[in-house]
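Read off the chains here:
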Amino acid sequence: MTPGEPLIRWDWVQSHLPDIAQRIGEHLLLAGIAVGVGFALSFVASLFIARRPWLYPPVSWVFGVLYTIPSLALFSLLIPFTGLSILTAEIGLVSYTLLILIRNIVGGLRGVPAEVRDAALGMGYTQRQLLFRVELPLALAVIVAGIRVAAVTTIGLTTVTALIGQGGLGFFILEGILFFFSTPLIVGAVLSVVLAILVDGALVAVERRATPWARLGRS
Amino acid sequence: MTSAGGATVEFRHVSKRYGARERRGGVPGAVNDLSLLIPAGEICVLVGPSGCGKTTSLKMVNRLIEPSSGQVLVDDVDVATIEPTVLRRRIGYVIQQIGLFPHQTIAVNVGTVPRLLGWPAAKVRARSDELLTLIGLDPERVRDRYPAQLSGGERQRVGVARALAAEPPLMLMDEPFGAVDPIVRERLQDEFLRLHRRLRTTVIFVTHDIDEAIKMGDRVAVLQEGGTLAQFAPPAELLTAPANDFVARFVGADRGLKRLSLVRVSEAALTHAATARMGERVGEVRARAAADPHVLLLDERGAPAGWVNLERLRPDERLAARHADPSSPIFDQETRLRDALSLLLASAVQGGVVVDDAGGYVGVLGLDAVTEMLRAPDTLAPA
């Protein structure tokens, strides 16, 4: 950073507004795809685990190992196979959502009270009806909690994908580092945090709307 | 409300054995060669200590548990030949923890089985309201509430309503009133008996409480450890003639007292007291009443106001409410003798006044008449 230079130059921000909007869009898309694909994979895995509980330890071990690989190392490992592509970015991002999501989906399903399950089966629910009409709705709060953590983590992590040329708000951060220019660095970092907070808030709102029974005390 | 009428249920040499691994997992008790014939429309109670296989037996009826050997027949059809979900939708099921769906409103909960059976939405809604009214809840008030917004007793009633929704000919109830306090339990039991007199559904009722078994059951099956049937008999027979030491111990040393809870005041030998009307002169009454100076003062409607000791009054005085001692308990004819006895003992009097539904005087139940019943069990008609 050049001495005497202000921490943030508003004229730069003003002249880059379209640029900033585009990066926000890219960022949301990258993170959205990651959480969406991660959720789909974890959800399917959870359904198998719901019927075959012995699958849970090996599956969560694999997801746990993926989770521990440092993101930079994972990207460099993938580049020889998938190049500097969006696929490389998404493989990395998805990997980090899996452990969080599967823990919450399986935990949510297992948290359904035994007597509710007993009553449902005793009244003639099929296994499928039990899952979709009882278990999933009751697990929803815990599942959404998992999505929130995954979304917030992924939005932060998506800044790293700029390193493999995938844009997003990380592009500004990288730019700031490379050119010793604090303005884009701050813009990228602050916007990434703001996005995470907004998305988290939106998910809370969705959860509240979808589970009206959860906030009721005994009258 | 109409009812399809009850189904008969038969257990034919039914056994359930568990391996060592399942036993460690806390599975319910085993059942050993159980044979029972439950007539249509009756309440059959399965009672016994924990681990005696009563819940296992119950769950073999709707195939939540499959027997290791033997058959369970509902209306002479082996349940093993019926698709489990089809079978279960025809059988009401109530469990101790109720298992209401916390994410659904009361109306939706009650409509569960009709919806599974594909009834049109309007018919399901109407049926929910009808059932809520039947079990004494105001549909307007509770229909759109969630289970967490109801009291324990209300939730338990909703559980019963949900089980009744598709008019099942058979209901399975696993300790249905076990999770509520004794006062609410008593009320729920009475309500359910009243409901059952109307619906005449066959009910298999599991409990570990022998008092509840005696109160609720037309017949009681006592199971002992290991899942063996010790006795299957109407409650009165269980109390007068326990089949073995286990049953005798299980029904308790106070089985004479328990027998009293099977008899109503209307069945006891009532005596009659000299009565007097308000406004009569003491002298006239004394002339009419025999040696006993105690007469029962009745008001204009014939309802008892209390006992009057004529010796303490002047002959020209006119009888009025203030002369009457109201401490003597008053029973209606439906009161059980056991309750009557405890009231008599509590109020330290020799007799209580029995009234009809309108409150009019019928007779006097003396403490001696109750103790007579205790001494002579053979005079008790089976309930």
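Note that the coordinates shown come from a computational prediction; the quantities given were computed from them, not determined experimentally.

Thresholds, definitions, all that
Residues numbered from 1 in each chain as written. Chains lettered and ligands numbered in written order. Predicted model: local features only at pLDDT ≥ 70, side-chain atom pairs only at ≥ 80, totals over all residues. Helix = DSSP H or I, 4+ residues; strand = E, 2+ residues; numbered from the N terminus. Buried ≥ 20, exposed ≤ 12 C-beta atoms within 10 Å, placed from the backbone. Pairing = 2+ DSSP bridges. Axes fitted to C-alpha atoms, helices over the stretch in contact; angles between N-to-C directions. Contact = placed C-beta atoms within 7 Å. Nonpolar A, V, L, I, M, F, W, Y, C, P; charged D, E, K, R; others polar. Left-handed = near helix turned anticlockwise from the far one by under 90°. Core = buried A, V, L, I, M, F, W, Y, C linked by C-beta atoms within 7 Å. pLDDT = per-residue confidence, 0-100.

(A) Expanded view of the overall build of chain A. Of regular secondary structure, chain A possesses nine helices and zero strands. The linear arrangement of helices and strands in chain A, starting from the amino end, is α-α-α-α-α-α-α-α-α. Looking at chain A as a whole, 36% of its 219 residues are labelled buried.

(B) Structural view of the pairing of strand S10 (residues 228-233) of chain B. Residues and elements named next belong to chain B. As paired strands, strand S9 (residues 219-224) and S10 are joined by five bridges and run antiparallel to one another. Note that in S10 the partner of Gln224 across the bridge is Thr228. Taking the residues between adjacent antiparallel strands as the criterion, S9 and S10 are bridged by three residues, where Gly226 takes a positive phi near 90°.

(C) The sheet that holds strand S12 (residues 294-298) of chain B, seen in detail. Residue and element names in this part refer to chain B. The strand order across the open sheet built from three strands is S11-S12-S13, with neighbouring strands paired in mixed fashion. Strands with a single pairing partner mark the edges of an open sheet, and in this sheet they are strand S11 (275-277) and strand S13 (304-309). Here the strands of the sheet are splayed against their neighbours by 35° on average, with no regard to which way each runs.

(D) Just the sheet that holds strand S7 (residues 170-174) of chain B, in detail. Residue and element names in this part refer to chain B. Read from one edge of the open sheet, six strands run S6-S7-S8-S3-S9-S10, paired in mixed fashion. The open sheet has two edge strands with one neighbour each: strand S6 (91-95) and S10. Between one strand axis and the next, the sheet turns through 15° on average, direction left out of account. Pairing of strand S3 (residues 43-47) with strand S8 (residues 202-207), which is carried by five bridges, proceeds in the parallel orientation. Directly across from Val45, in S8, lies its bridge partner Phe205. Seen against the sheet, helix H8 (residues 152-164) touches S6 and S7 and runs at an angle of roughly 165° to S6.

(E) Region of interest: the interface of chain B and chain A. Of the residues lining the interface, 18 residues belong to chain B; the matching set on chain A comes to 17 residues. A per-class count over the side of chain B that touches chain A returns nine nonpolar, seven polar and two charged.

(F) Region of the structure containing the pairing of strand S4 (residues 69-74) of chain B. Residues and elements named next belong to chain B. Two elements, strand S1 (residues 9-16) and S4, share five bridges in a ladder whose sense is antiparallel. Its bridge partner being in S4, Ser15 is matched across the sheet by Ser69. As defined by bridge partners, S4 adjoins strand S5 (residues 77-78) across two bridges and the pair is classed as antiparallel. When the bridges of S5 are listed, Val74 appears paired with Val77. Counted along the chain from S4 to the antiparallel partner S5, the turn is two residues long, and its residue Asp75 has a positive phi close to 50°.

(G) The packing of helix H3 (residues 56-68) of chain A against helix H5 (residues 86-110) of chain A, seen in detail. Residue and element names in this part refer to chain A. Interhelical geometry of H3 versus H5 gives an angle of 145° and a closest axis separation of 7 Å. H5 is crossed by H3, and the crossing has left-handed handedness. Where H3 approaches H5, its residues Tyr56, Val59, Ser60, Phe63, Gly64, Leu66 and Tyr67 are matched on the opposing element by Ser95, Tyr96, Leu98, Leu99, Ile102 and Val106. Grouping the amino acids of the contact of H3 with H5 by side-chain chemistry returns 10 nonpolar, three polar and no charged.

(H) Seen up close, the environment of Leu84 of chain A. All names here are of chain A. Tracing the sequence through the fold places Leu84 in the loop between helix H4 (71-82) and H5. Separated by 18 residues in sequence, Leu84 and Leu66 have C-alpha atoms that sit 20 Å apart. Once you skip the residues sitting within four places of it in the chain, Leu84 turns out to touch Ile79, Ile164 and Gly165.

(I) Structural detail: the nonpolar core. One finds Val45, Val61 and Ile204 of chain B to be the most contacted residues of the largest nonpolar core, which totals 150 residues. When residues no more than four places from it in sequence are discounted, the contact partners of Val45 of chain B are Phe205, Thr207, Ala213, Met216, Gly217, Val220 and Ala221 of chain B.

(J) Representation of the confidence of the model for chain B within the structure. This prediction gives chain B a mean pLDDT of 88; 94% of its residues lie at or above 70. As scored by the predictor, the complex reaches a pTM of 0.78 and an ipTM of 0.80.

(K) Unusual backbone geometry, seen in detail. The phi dihedral of Phe180 of chain A is positive, around 45°, even though this residue is not glycine. Relative to the assigned elements, Phe180 of chain A resides in the loop between helix H8 (170-178) and helix H9 (182-210). For Phe180 of chain A, a count of 10 C-beta atoms within 10 Å translates into the label exposed. With phi around 45°, Glu175 of chain B is a residue other than glycine that occupies positive phi space. Tracing the backbone through its elements, the reader meets Glu175 of chain B in the loop between S7 and helix H9 (182-199).

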